[in-house]
Amino acid sequence: MDPMNRGPEEYGRDGIDDGIDDDGPARPGRPPRDPLTPDFGQPAPALARTVQLVSGDFLLTVNPVDGSEIEPCPPGERPARPAKRTAAERAELRRAAMPPVPPGPALPRLPLLERQEERERLVRLLARGRSVRLTGPAGSGRTALLDAVADDCADLAPDGVVRLSGYRRTPTELLHDLFAAVHDAPLHRPDRALLLELVHDIGAVVVLDDLEFGGAGLDELLDATPECAFLIATTPDVAAPSPDSHLEEVFLGGLGRGGGLELLERAVGRVLDDEEANWAGDLWFESEGLPLRFVQAGALLRQRDQLRADPHVFEEHGYFAETPVDAPFDAGLDGDAEIPLPSLADGAAPAALLAARLSPSARATLKFAVALGGELPHQAHLPALVGDTHADAALAELVSCALVTPVGAHYRLAAGVRAQLESAGYADEAAQHALTAAQHYAWWAGHPSVTPERVAAEADAVQAALGALVASEAGAAVLLARTAAPAFAGGLDWGAWERALRSGQEAARNAGEVAEEAYFHHELGILALCGGQLDRARAELEASIGLRGALADKRGMISGRRALALVADRSGGALPGGRTGEEVPDARYEESASPPGGIPAAFGLPAPPPEPDTLVTSKLTPSVGSGPAPSRRSIISGTRRNLVAAGAGALLAAVLGTVVTLGATSDNNDPPGDKVKTEQSAKEGGEGDGLTADEPQKGSTSRGDTPGTAGTSDGPTPSGSGKPSGTPSDSGKPSGKPSDKPSDEPTKPSDKPTKPSDKPTKPSDKPTDPPTTPPTTPPTTPPTTPPTTPPTTDDPPTSPDQSDSAGDSGGTTPGA
């Protein structure tokens, strides 16, 4: 049952057609209950209340369980352009937005005294389309004057008069409130561009009470609504408007002495005697003529009259005793007992004395209001909070004493009342009262029968309870924020939604509830995304995904990644790491590592940074009839086992079809491998064991028939200092002779060039040690096709030492 809207469910009917006719059997359309699933008297669990609405071009599903879902709105679900409300619809909406009427007899309405001149001036300015800023101290009667002016301007504008409250509202929130008051757009929150376009065409007299900002914020509000005339009421401590705003300034002061006495008599309901008139004069001087003080003083005099009629009228158990209304003032007095007038201090600060003569329920209500920062709960919540079934009648007592004042659609303590009650001890149990209110609101806001609009109407009291418990009772604050925040979102009060989320996030951090903190981060990211704040949305969503990843919350992570993908799409870039918003399987982190030397440049990838070269050289026998064997530099880089498959096939076909041997000569002056001979192909051994470069001889590090040669693929591993294996010299250069004892039979030149083998060479069983450093430059002339003739060169040797070194190994000396 909704405690604020007692509907037909109170009598066992939920208002839904159940298909049962009073005069006949059940009509078709409702499936019969399954007899195999009895509930054993336990009610079925209520489903989570989800709300689907359109925000800009997003379709937002407010999910209170796992977090809100957001996606681009499909074209078929986009709402039409909002239409304006009719005059009757605006009047009905205005009546619904008024503060609740206190139960019991109607209270007398006090007249508006000494305000006729200001009233006429305001109406004239608004009729000419001018905007006015009415400035007056708290308690000066600004709200009463606004009500009178609003009634006078009902027919001035085509869209009528729009009443708004600026209490704790920002310029953007006020623009949305103005849009909702004029246009009929259920579950539709337009984006910034459409909002400005719609409010630009509104022509109304906007009566804005309790505005709390000025300067640039006020300029933004006025510039967005050029067809509206504003009547703005504020206090002197609010920032002044900018000089370019062109606002008319009207200052509202206190009443004169005569006006104060007349208002006091109207509040008491009788003519004052001389003693009371003198007391009222002193009060006028002390209060500077503020009407609120005279209304409260009138409540003091009424209580005095009741005490003079019955001294026991305000006792705790005799408050509701029947007292004759027309009893004389001196009835019930004992002899010469006289009730003195309140002191001047009590007249200037009457809250404590007035509260002491109220009913216990009214005093308990004031304690809750003090604990909630001055916010008074709705009268429908008072019986549950106070514990008295008749506690809703306390609102009438508080209104009649002027201890509370209307603010928007609810009540709060009047100016100065909270400080006076705190000094009287009404804040001694504030923490306990705030906890009680938070627990009650958490139950009520999560009830399935309570609509989001009702929760949004109680937003100020709910947020006050949140703020009071964030530091002291973090667990209760998390529960309240977790329950109320989705209702605020569904009720389109997104200012309250954001404040509740931030309070809940802080409370969850204080309580150590990681899962709830992740939820609040996610919701803040969704809210920022709807508002176009992409950087903030990305930060909040990434924080939520990180926390949910630590908790292994798979569903929450998927929801966050989808929202993060929308952020990346709107920002025009990819997510960090090239990811999308979808879930990435764990296998993507099990890929093979990159080659140590990097991927070859032939595949279009950037080359690695330069590192020292690792050279492996081989001394070969030149072919007969060939020209001078020039030396070239060969660099073997990287390891081929991790090459990309697409390029490896083509490269492997060329490498296996051709076995290229490299020759080089060196001496004490040239660095190793400075000249490499490439004109001689490797030859097969006499016993058919394959190529001479396949296996090394036993007990030797040389390769093939030629002493002192080193293999190109399975030769000795180079030392860490970059020296080739074998017999290195002390200076780091190889010796002039390739080996200590030359071979007995020099290698004879081949009569004809050796043809390549018909079958590819088998790789060595011994794994090839990859070079420790990648090359800095690619090979000068890499072979691309198997050679059919001995390769020729255009680079004859220029050093005679190189020729002698080549002749010692049995080769043909160039130029001999």
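Residues numbered from 1 in each chain as written. Predicted model: local features only at pLDDT ≥ 70, side-chain atom pairs only at ≥ 80, totals over all residues. Heavy atoms only, no water.

Student: I'm lost on the sheet that holds strand β10 (residues 229-234) in this one. Help?
Tutor: Strand-to-strand pairing in sheets goes through backbone hydrogen bonds, with the strands running parallel or antiparallel. Pairing within the open sheet is parallel, and its five strands lie in the order β6-β9-β10-β5-β11. The two strands at the open ends of the sheet, each matched to only one other strand, are β6 (161-165) and β11 (248-251). Between one strand and the next, the sheet's axes are offset by a mean angle of 15 degrees, whatever the strand orientation. Taken together, the five bridges between β6 and strand β9 (residues 205-209) define a ladder with parallel strand orientation. Looking at the pairing, Ser165 lines up with Asp209 of β9. In the packing of helix α4 (residues 171-182) onto the sheet, contacts are made with β6 and β9, and the angle to β6 comes to roughly 145 degrees. (Pairing = 2+ DSSP bridges. Helix = DSSP H or I, 4+ residues; strand = E, 2+ residues; numbered from the N terminus. Axes fitted to C-alpha atoms, helices over the stretch in contact; angles between N-to-C directions. Contact = heavy atoms within 4.5 Å.)

Student: Is there a simple way to explain the sheet that holds strand β8 (residues 188-189) in this structure?
Tutor: Strand order in the open sheet made by the four strands is β3-β2-β1-β8, with mixed pairing throughout. Since the sheet does not close on itself, it has two edges, and those belong to β3 (69-72) and β8, each with one partner. Pairing analysis gives five bridges linking strand β1 (residues 51-55) to strand β2 (residues 58-62), with the strands arranged antiparallel. Counterpart to Ser55 in the pairing with β2 is Phe58.

Student: Please clarify how the pairing of β11 should be interpreted in this entry.
Tutor: Across a regular strand the side chains alternate sides, sitting on one face of the sheet and then on the other. The alternating pattern of β11 places Glu248 and Val250 on a buried face and Glu249 and Phe251 on a face that is not buried. Alignment of strand β5 (residues 132-135) against β11, held across four bridges, turns out to be parallel. Among the inter-strand pairings, Thr135 is bridged to a residue of β11, identified as Phe251. (Buried < 20%, exposed > 50% of the residue type's maximum accessible area, 1.4 Å probe, protein only.)

Student: Help me out: how do you make sense of the environment of Leu60 in this one?
Tutor: Summarising the element assignment, Leu60 is placed in strand β2. As for Leu60 and Cys73, which are separated by 13 residues in sequence, their C-alpha atoms are 8.3 Å apart. If we ignore the near neighbours within four places in the chain, the residues touching Leu60 are Val51, Gln52, Leu53, Ser68, Glu69, Ile70, Trp494, Trp497, Ile526 and Cys530.

Student: What am I meant to see in the environment of Asp155 here?
Tutor: Mapped onto the elements of the fold, Asp155 is located in the loop between α3 (142-152) and β6. Relative accessible area serves as the criterion here: at 75%, Asp155 is assigned to the exposed category. Between the C-alpha atoms of Asp155 and Ala204, which are 49 residues apart in sequence, the distance is 9.7 Å.

Student: Is there a simple way to think about unusual backbone geometry in this case?
Tutor: Apart from glycine, the bulk of residues carry a negative phi angle, and the bulk of peptide bonds sit in the trans form. The phi torsion at Glu114 lies on the positive side, around 55 degrees, for a residue other than glycine. Here Glu114 lies in the loop between α1 (87-96) and α2 (116-127). In this structure, Ala552 takes a positive phi of about 60 degrees despite not being glycine. Mapped onto the elements of the fold, Ala552 is located in the loop between α22 (534-550) and α23 (554-571).

Student: Quick question: what am I supposed to make of the packing of helix α20 (residues 494-511) against helix α21 (residues 514-530) here?
Tutor: Axes are the key here: two packed helices are described by the angle between their axes and the distance separating the axes. At their nearest, the axes of α20 and α21 sit 9 Å apart, and the two run at 150 degrees to each other. Between α20 and α21, the interaxial angle falls into the category roughly antiparallel. Once α20 is placed against α21, the crossing between them reads as left-handed. Contacts between α20 and α21 involve Trp494, Trp497, Glu498, Leu501, Arg502, Gly504, Gln505, Ala508 and Arg509 from the first element and Glu516, Glu517, Phe520, His521, Glu523, Leu524, Leu527 and Cys530 from the second. For the contact of α20 with α21, the per-class residue count stands at eight nonpolar, three polar and six charged. (Parallel < 35°, antiparallel > 145°, perpendicular 65-115°, else oblique. Left-handed = near helix turned anticlockwise from the far one by under 90°. Nonpolar A, V, L, I, M, F, W, Y, C, P; charged D, E, K, R; others polar.)

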